[in-house]
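# Survey of secondary and tertiary structure
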Amino acid sequence: MRDTEIQQLIQAETTRQVNGVELIASENYASKEVIDAMANVFTNKYAEGYPGKRYYGGCDVVDKVESIAIDRLKKLFGAEYANVQPHSGAQANAAIFLATLQAGDTVLGFDLSHGGHLSHGSSVNFSGKIYDAQFYGVEEQSGLIDMDKVAAKAEACQPKLIICGASAYSQDWDYIRFRAIADSVGALLLADISHPAGMIATGLLNDPVPHCHIVSTTTHKTLRGPRGGVFMMGKDFENPWGRTTRKGSPIMMSSVLNSGVFPGMQGGPLEHIIAAKAVAFNEALSPGFATYQKQVKANADAMADAFVDLGYKIISGGTVNHLMLLDLRHNLDISGKVADAALGRAHITVNKNMVPFDDKSPFVTSGIRIGSPAITSRGLVEADCVQIVEWVDAVLKNSDNDSMIADIGKQVEAKMSKYSIYPTV
Ligand code: DSN
């Protein structure tokens with residue numbers, strides 16, 4: 001029996017994705033091969049444990065798949081260790097917290113309201129409920145992180161874990177300084193590179209792997225893989241707490257971290273998703289992926305320049321990565337919520353986003369976040385980005401003019417229906 005109700009919704013979502021301009025910075029279009037690798041019999045298999053050490057029989061094939069995914073990820077980032085089982089980025093971080101911290105320990109992360117992530121200590125998330133979460137943020141004038149203030153905050157709160165990485169920060173990260181700060185207070189350092197992972201893998205941004213104890217990422221943003229999480233270590237090392245095996249040998253961090261995922265956080269891994277991660281890592285190792293990432297950056301640059309030329313304020317003054325955060329209070333009397341809804345009516349998808357020192361709630365917000373990974377996967381280049389910014393500007397300046405928005409929506413559809421959502425890599 002064919003489930004026509006769900007099939008129709010898959011078709012409706014495909015049409016939505018084809019016809020629209022996708023500017024959500026954390027979204028992308030996985031290749032057809034990645035999508036096919038998720039939809040197969042690996043979903044039928046239980047494989048609790050790790051390759052070669054499973055709690056179920058019949059794991060010889062999934063062992064090969066998971067080992068290939070691990071090897072490809074290690075090669076992509078030059079890491080000595082990788083775990084590809086986390087179901088998401090938040091669960092990767094949860095497993096790392098569980099493995100490295102005790103309840104009540106202090107963690108120092110980037111404030112969610114300044115561009116950080118929920119799983120870095122937000123009070124509504126496990127990371128802020130179970131642990132003592134402290135935050136650094138950006139400067140109100142510059143929109144930049146002041147590393148001296150991060151150092152002072154770490155000295156004051158003596159965290160056990162420091163997290164660098166963000167969901168809405170358009171500048172690069174000084175991993176060397178972060179490591180010096182972590183060392184000065186005896187903290188472990190975690191880089192969550194979920195957003196810029198693809199740009200880091202292709203050498204366009206600073207590399208955290210040699211400097212941070214642990215690096216986590218999602219696989220579906222700039223990495224353009226299936227929805228999921230992973231984490232890595234540049235170098236494995238003995239656990240710093242003196243934990244030993246029953247025979248008295250030191251336990252390596254790789255074992256501590258593996259235990260954080262299974263049995264700590266998760267049961268059976270999603271081997272069909274791990275197969276798709278392996279396909280995506282292979283794509284990311286191809287020369288075409290570096291070309292794609294350069295275009296992601298060029299497209300973000302082009303959009304940032306066009307927004308600034310039209311009088312918009314980008315937090316931190318510009319972008320060096322794939323995204324930018326617009327503070328709509330600067331030039332428009334419109335909230336992020338109204339902007340997001342108006343753009344949606346023109347088939348341009350963004351997300352409303354808090355800006356640093358926002359005076360509105362997270363459901364209303366004063367900003368929107370704009371990203372270039374998805375439109376770049378469709379094949380759009382700089383000139384197209386300028387056109388998109390002009391459409392965004394027209395919608396935001398006429399957010400209650402339904403006929404104008406409908407007209408822009410038709411132009412958006414006419415343009416985007418010419419671009420495939422399954423480009424070859
Ligand atoms: N941080 C969210 C985003 O960037 O959209 C995902 O968790």
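Residues numbered from 1 in each chain as written. Predicted model: local features only at pLDDT ≥ 70, side-chain atom pairs only at ≥ 80, totals over all residues. Heavy atoms only, no water.

## Details of the packing of aromatic side chains
Enumeration over the complete set of coordinates arrives at 13 aromatic pairs. Between the aromatic rings of Tyr 81 and Phe 231, the centroid separation amounts to 6.2 Å while the plane-to-plane angle is 40 degrees, which identifies the pairing as tilted. Taken as a pair, Tyr 81 in strand β4 (residues 81-83) and Phe 231 in strand β10 (residues 229-233) lie far apart in primary sequence, 150 residues in all. Summarising the aromatic geometry, the rings of Phe 110 and Tyr 169 are spaced 5.5 Å apart at their centres and angled 70 degrees between planes, so their arrangement reads as edge-to-face. Of the two residues, Phe 110 is situated in strand β5 (residues 106-110) and Tyr 169 in the loop between β7 (161-164) and α7 (175-185); the sequence distance between them amounts to 59 residues. Owing to a relative accessible area of 0%, Phe 110 belongs among the buried residues under this scheme. The ring centre of Tyr 292 lies 3.9 Å from the NZ or CZ of Arg 224, which sits over that ring. (Phe/Tyr/Trp six-rings, centres within 6.5 Å; stacked < 30°, edge-to-face > 60°. Helix = DSSP H or I, 4+ residues; strand = E, 2+ residues; numbered from the N terminus. Buried < 20%, exposed > 50% of the residue type's maximum accessible area, 1.4 Å probe, protein only. Lys NZ or Arg CZ within 6 Å of the ring centre and 35° of its normal.)

## Quick look at the packing of helix α12 (residues 336-345) against helix α14 (residues 382-397)
The packing of two helices is summarised by the inter-axis angle and the distance between the axes. Packing of α12 against α14 brings their axes to within 9 Å, and their N-to-C directions diverge by 120 degrees. Our classification of the angle between α12 and α14 gives oblique. For the crossing formed where α12 meets α14, the hand is right-handed. Residues Ala 339, Ala 342 and Leu 343 of α12 form the contact with α14, whose own contacting residues are Val 392, Val 395 and Leu 396. (Axes fitted to C-alpha atoms, helices over the stretch in contact; angles between N-to-C directions. Parallel < 35°, antiparallel > 145°, perpendicular 65-115°, else oblique. Left-handed = near helix turned anticlockwise from the far one by under 90°. Contact = heavy atoms within 4.5 Å.)

## Comments concerning the site of the ligand
Around the ligand sit Ser 26, His 117, Ser 167, His 195 and Arg 369, and that is every residue in its neighbourhood. Contact between the ligand and His 195: an oxygen atom at 2.6 Å from a side-chain N or O atom of the residue. When isolated, the ligand has an accessible area of 230 Å², and the protein chains bury 65% of it. For the shell around the ligand, the class distribution of residues is no nonpolar, four polar and one charged. (Near = heavy atom within 4 Å. Polar contact = N/O pair within 3.5 Å; in protein donor to acceptor, adjacent residues only side chain to side chain. Areas by Shrake-Rupley, 256 points an atom, 1.4 Å probe, with all protein chains shown as cover. Nonpolar A, V, L, I, M, F, W, Y, C, P; charged D, E, K, R; others polar.)

## Brief notes about unusual backbone geometry
Where the residue is not glycine, phi is negative for most of them; where a peptide bond is considered, it is trans in most cases. Here the residue pair Phe 262 and Pro 263 is connected by a cis peptide bond, since its omega of 10 degrees sits within 30 degrees of zero. Of note, Pro 263 is situated in helix α9 (residues 253-265). A positive phi angle, close to 50 degrees, is found at Gln 158, a residue other than glycine. Looking at where Gln 158 falls in the secondary structure, it is placed in the loop between α6 (147-157) and β7. By relative accessible area, which is 40% here, Gln 158 ends up partly exposed. The phi angle at Arg 224 is positive, at roughly 60 degrees, despite the residue not being glycine. As for its position among the elements, Arg 224 is in the loop between β9 (214-218) and β10.

## So, the side chain of Lys 221
As for its position among the elements, Lys 221 is in the loop between β9 and β10. In this structure, Lys 221 is buried with no salt-bridge partner, the nearest side chain bearing the opposite charge being Asp 192 at 6.6 Å. Ignoring sequence-local partners within four residues, the contact set of Lys 221 consists of Ser 26, Asn 28, Ser 194 and His 195. (Lys, Arg positive; Asp, Glu negative; His and termini not counted. Salt bridge = Lys/Arg side-chain N within 4 Å of Asp/Glu carboxyl O.)

## Observations regarding the sheet that holds strand β15 (residues 367-371)
If you trace the four strands from one edge of the open sheet to the other, you get β11-β12-β15-β14, paired in antiparallel fashion. Both outer strands of the open sheet, β11 (313-314) and β14 (351-353), are each paired with one neighbouring strand and no more. Here α12 sits on the sheet in contact with β14 and β15, set at roughly 45 degrees to β15. (Pairing = 2+ DSSP bridges.)

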